[in-house]
Every structure is written in C-alpha cells, then in structure tokens.
Amino acid sequence: MKLFLTCIICFFTVSLFAQNRGEVTVLKSDIIDSLIEKRIALSKRSAPAAAAKGGAIVSKMGYRVQIFYGSDRRDTFNQQARFKTAYPKLNTYITYKEPNYYLRVGDFRTRLEAQNLMNELRATFATLFIFREKINAPGLDTDR
C-alpha cells in the first residue's frame with residue numbers, strides 16, 4: 001500500500017512539471033501608449049522649469065526652524081504673513097497635528113544654517129526650535 005501511494009504521488013508531481021511552455025499575448029489599447037508618452041513629456045517639461053525657478057527637486061533630510069505653534073489657525077497664518085514680509089525668499093510650511101498648527105520655515109542642509117536663522121529671529125519670534133526633518137533640498141551655489 002505504501003508503495004502504491006508513493007507511485008501515485010510521484011506520478012502526479014512528474015505530470016505537474018511536464019507541462020509545455022506557452023505563449024503570452026498582451027492585448028492593450030493604443031491609448032495606453034499615448035498616455036505614457038504624454039506623461040514622459042510632461043515630466044521632462046516640468047523638471048527644467050522647477051530648476052530654472054530655483055525650486056527644489058530633491059527631497060532629503062535637513063533642518064527647519066519652527067517659529068510658531070498654536071491652536072488658532074488665523075494666528076498661524078498671520079505669523080506666516082509676518083514672516084514672509086521680512087523674509088520673502090524663505091519657504092514656510094504649516095502643518096496641523098491635532099490640536100495645534102505648526103509654522104516651520106526654511107530648507108537648511110546643516111544645523112548651523114538653521115541656527116544662524118534662529119539667532120536672527122530671536123528678537124521677533126518668541127518660541128524658536130530647530131527640527132530635523134525631510135526638506136526640499138535647495139539648489140547648490142556653484143558660483144563659489
């Protein structure tokens with residue numbers, strides 16, 4: 001009986017591996033190819049535009065300075081406007097983590113750059129902290 005079961009099991013496993021290879025036929029619409037071409041064209045057009053504007057292309061870890069936090073949304077936007085009038089070239093980021101809004105500024109590669117901004121802002125903003133987080137890496141100055 002054991003020999004009979006062993007032979008049956010061997011027969012079925014051999015037959016599983018004895019299948020012939022087949023052909024795969026891909027059926028797709030021409031619209032898919034045209035959409036892929038449009039997507040590639042748009043990404044090529046938008047990347048140089050972002051680089052020309054001085055915008056960030058690469059995300060990496062860096063530092064930002066938190067200049068305000070509070071539960072009132074209007075206060076956060078007022079502080080953002082106040083900061084933007086003094087420093088129009090620096091980016092500002094508002095995040096909401098219940099129950100507070102957080103206003104963080106800058107995209108700094110090093111902690112020293114963030115510390116220099118923090119020292120400048122110490123007189124005008126009360127609560128300043130430096131946070132390490134994912135930033136939009138600014139372009140490198142190649143003029144130096």
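For the structure given in this document, a descriptive report is provided here. Per chain, residues are indexed from 1 in the order of the written sequence. This being a predicted model, a pLDDT of at least 70 is required before a residue's local features are given, and a value of 80 or more before pairs of side-chain atoms are given or counted; all residues contribute to the totals for chains, interfaces and linings. As a rule here, side-chain values cover all heavy atoms of the structure and leave hydrogens and water aside.

1. So, the pairing of strand β3 (residues 100-108)
Now for step 1: Working definition: with a 1.4 Å probe on protein chains only, accessible area under 20% of the residue-type maximum means buried, over 50% means exposed, and in between means partly exposed. Secondary structure follows DSSP: runs of H or I at least 4 residues long count as helices, runs of E at least 2 residues long count as strands, and numbering of each begins at the N terminus. Summarising burial for β3: nine of the nine residues are buried, a large majority.
Now for step 2: Judged from the six bridges that link them, strand β2 (residues 92-97) and β3 form a sheet pairing that is antiparallel. Paired with Thr95 across the bridge in β3 is Tyr102.
Now for step 3: At least two DSSP bridges between two strands are needed for those strands to be called paired. In sequence, β2 turns back onto β3 through a hairpin of two residues.

2. A closer look at the side chain of Asn100
Now for step 1: Locating Asn100 in the fold gives a position in strand β3.
Now for step 2: With relative accessibility at 18%, the residue Asn100 sits in the buried group.
Now for step 3: Pairs of residues are marked as contacts when any of their non-hydrogen atoms sit within 4.5 Å. Ignoring sequence-local partners within four residues, the contact set of Asn100 consists of Tyr69, Gly70, Ser71 and Thr95.

3. Examining a nonpolar patch on the surface
Now for step 1: On the surface, a nonpolar cluster with roughly 380 Å² of combined accessible area is contributed by Met1, Phe4 and Leu5.
Now for step 2: Under the relative-accessibility criterion, Met1 is labelled exposed at 75%. Nonpolar side chains (Val, Leu, Ile, Met, Phe, Trp, Tyr) are joined into patches within 5 Å and like charges within 9 Å, using only residues with over 30% relative accessible area and no salt bridge. Only the protein chains shown count as cover for residues, and the accessible areas themselves come from Shrake-Rupley with a 1.4 Å probe. For this document, the term salt bridge refers to a Lys or Arg side-chain nitrogen within 4 Å of an Asp or Glu carboxyl oxygen.

4. A short note on the packing of aromatic side chains
Now for step 1: Put simply, two rings from Phe, Tyr or Trp (the six-membered ring, in Trp's case) pair if the centres are within 6.5 Å, and we call them stacked under 30 degrees between planes, edge-to-face over 60, tilted for the rest. Taken as a whole, this structure holds five aromatic pairs when the rule is applied.
Now for step 2: Taken together, a centroid distance of 6.1 Å and an interplanar angle of 25° make the contact between Tyr69 and Tyr102 stacked. On the criterion of sequence distance, the pair formed by Tyr69 in strand β1 (residues 58-70) and Tyr102 in strand β3 is long-range, its members being 33 residues apart.
Now for step 3: Residue classification places Tyr102 among the buried positions, given a relative accessible area of 19%.

Don't take any of this as a statement about function, it's just geometry.
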